[in-house]
Amino acid sequence: PQTQPQPTDEALVREEILGLHLRWFDDGLPSAELQADRMQRLEDGTSVRQHFDSPAGNPIEIVLFAGEDTLGRLVANRMIRQESTEIYQFEDDVQLTFADRRHLEADTLIWFRDLRRIEVPGRVRLTTDQEVLTGSGLRADQDFTTYTLADVSGSITLDDVEEP
């Protein structure tokens, strides 16, 4: 069951937008595109944050671009952003699928949009055509060309290797 951010005396909803569609551009080229059923702007006296979710249970979806090519698709049930930053925290059944079929699953993923970097502070599962890895503390470039993973376990399939 999906939990919805509930306003309290400490966090008041100041704005609500339904049917949200955003596009980000870097150097004139698209870098990401977001779709969410709802965005709530919450204030608690010390900070302003945006909660993205769906009362109908539809996932938040972000398509990532590398130049004119689609890099991958990120879905989650909830996203939170402190309004003063370009840091987005995705929560609850996070799935990141790249165009080359690499797939990442996690409970939480943090996207540093300006730095083009992602981090998974907790457990993560990474699946490719040749490996299934689990671990924690993933840090990666947004395009996943380089990444580090701690506490790794899993299996790797090697192509046939000829012995000398």
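Residues numbered from 1 in each chain as written. Predicted model: local features only at pLDDT ≥ 70, side-chain atom pairs only at ≥ 80, totals over all residues. Heavy atoms only, no water.

> Is there a simple way to think about the pairing of strand 4 (residues 60-66) in this case?
Along a regular strand, successive side chains alternate from one face of the sheet to the other. Sheet topology note: the strand 2 (residues 29-43)/strand 4 ladder contains four bridges and is antiparallel. Across the sheet, the residue bridging to Ala32 is Leu64, located in strand 4. Strand direction decides the pairing type here: strand 4 and strand 5 (residues 69-76), joined by seven bridges, are antiparallel. Note on strand 5: the bridge partner recorded for Leu64 is Gly72. The hairpin turn running from strand 4 into strand 5, its antiparallel successor, is two residues long, and Gly67 in that turn takes a positive phi close to 65 degrees. (Pairing = 2+ DSSP bridges. Helix = DSSP H or I, 4+ residues; strand = E, 2+ residues; numbered from the N terminus.)

> Hey, could you run me through the environment of Asp69 in this one?
With respect to the secondary-structure elements, Asp69 resides in strand 5. Spatially, the C-alpha atoms of Asp69 and Ala99 are 9.2 Å apart, while their sequence positions differ by 30 residues.

> What exactly am I supposed to notice about the side chain of Gln40 here?
With respect to the element layout, Gln40 can be found in strand 2. On the basis of relative accessible area, Gln40 is assigned to the buried category, the value being 6%. A distance of 2.9 Å separates a polar atom in the side chain of Gln40 from a polar atom in the side chain of Glu16. (Buried < 20%, exposed > 50% of the residue type's maximum accessible area, 1.4 Å probe, protein only. Polar contact = N/O pair within 3.5 Å; in protein donor to acceptor, adjacent residues only side chain to side chain.)

> Mind showing me how you'd approach the pattern of salt bridges here?
If charged atoms from side chains of opposite charge come close, those side chains can pair. Summed over all chains, the structure comprises 19 salt bridges. Ionic pairing is found between Arg73 and Glu61, a salt bridge with its closest N-O pair at 2.7 Å. In this pair, Arg73 sits in strand 5 while Glu61 sits in strand 4, placing the two residues twelve residues apart along the sequence. Classification of Arg73 as partly exposed rests on a relative accessible area of 41%. Here Arg102 makes a salt bridge to Asp100, at a shortest N to O gap of 2.8 Å. (Salt bridge = Lys/Arg side-chain N within 4 Å of Asp/Glu carboxyl O.)

> In this structure, what is going on with the layout of surface pockets? I would like to understand it.
Empty space among the atoms becomes apparent when a probe as large as a water molecule is rolled across them. When its volume is computed, the largest pocket comes out at roughly 150 Å³. Lining the largest pocket are Asp26, Asp27, Leu29, Pro30, Ser31, Phe65, Ala66, Gly67, Leu71, Arg116, Gln142 and Asp143. Elements that contribute at least two residues to the lining of the largest pocket include exactly strand 2 and strand 4. The element that contributes the greatest number of residues to the lining of the largest pocket is strand 2, accounting for three residues. (1 Å grid on protein atoms, 1.4 Å probe; cavity = no way out; pocket = protein on both sides within 12 Å on 5 of 7 lines; lining within 4 Å. Points joined across faces, edges and corners; volume = space filled by probe spheres on them.)

> How should the nonpolar core be read in this particular structure?
What tends to happen in soluble globular proteins is that the nonpolar side chains get buried as a cluster. Judged by nonpolar contacts, the single largest core of 32 residues is most densely connected at Ile62, Phe90, Leu104, Leu109, Trp111 and Leu138. Among the elements of the structure, strand 1 (12-26), strand 2, strand 4, strand 5, strand 7 (87-98), strand 8 (103-112), strand 9 (117-127) and strand 10 (131-141) are those that each provide at least two residues to this core. Among the elements that line this core, the one with the most residues is strand 7, at five residues. (Core = buried A, V, L, I, M, F, W, Y, C linked by side-chain atoms within 4.5 Å.)

> How do you make sense of the packing of aromatic side chains when you look at a structure like this?
Any aromatic ring pair is given by two values, namely how distant the centres are and how the planes are angled relative to each other. Following the criterion strictly, the structure yields five aromatic pairs and no others. Relative to Tyr88, the ring of Trp24 has its centre 5.7 Å away and its plane inclined at 75 degrees; by these criteria the two rings are edge-to-face. Note that Trp24 is positioned in strand 1 and Tyr88 in strand 7, a separation of 64 residues in sequence. With respect to class, Trp24 is no different from Tyr88; both count as buried. Members of the aromatic cluster, connected to one another through ring pairs, are Trp24, Tyr88 and Trp111. Lying over the aromatic face of Phe98, Arg102 brings its terminal NZ or CZ to 4.7 Å of the ring centre. The lysine or arginine in question, Arg117, covers the ring of Phe112, its NZ or CZ lying 4.3 Å from the ring centre. (Phe/Tyr/Trp six-rings, centres within 6.5 Å; stacked < 30°, edge-to-face > 60°. Lys NZ or Arg CZ within 6 Å of the ring centre and 35° of its normal.)

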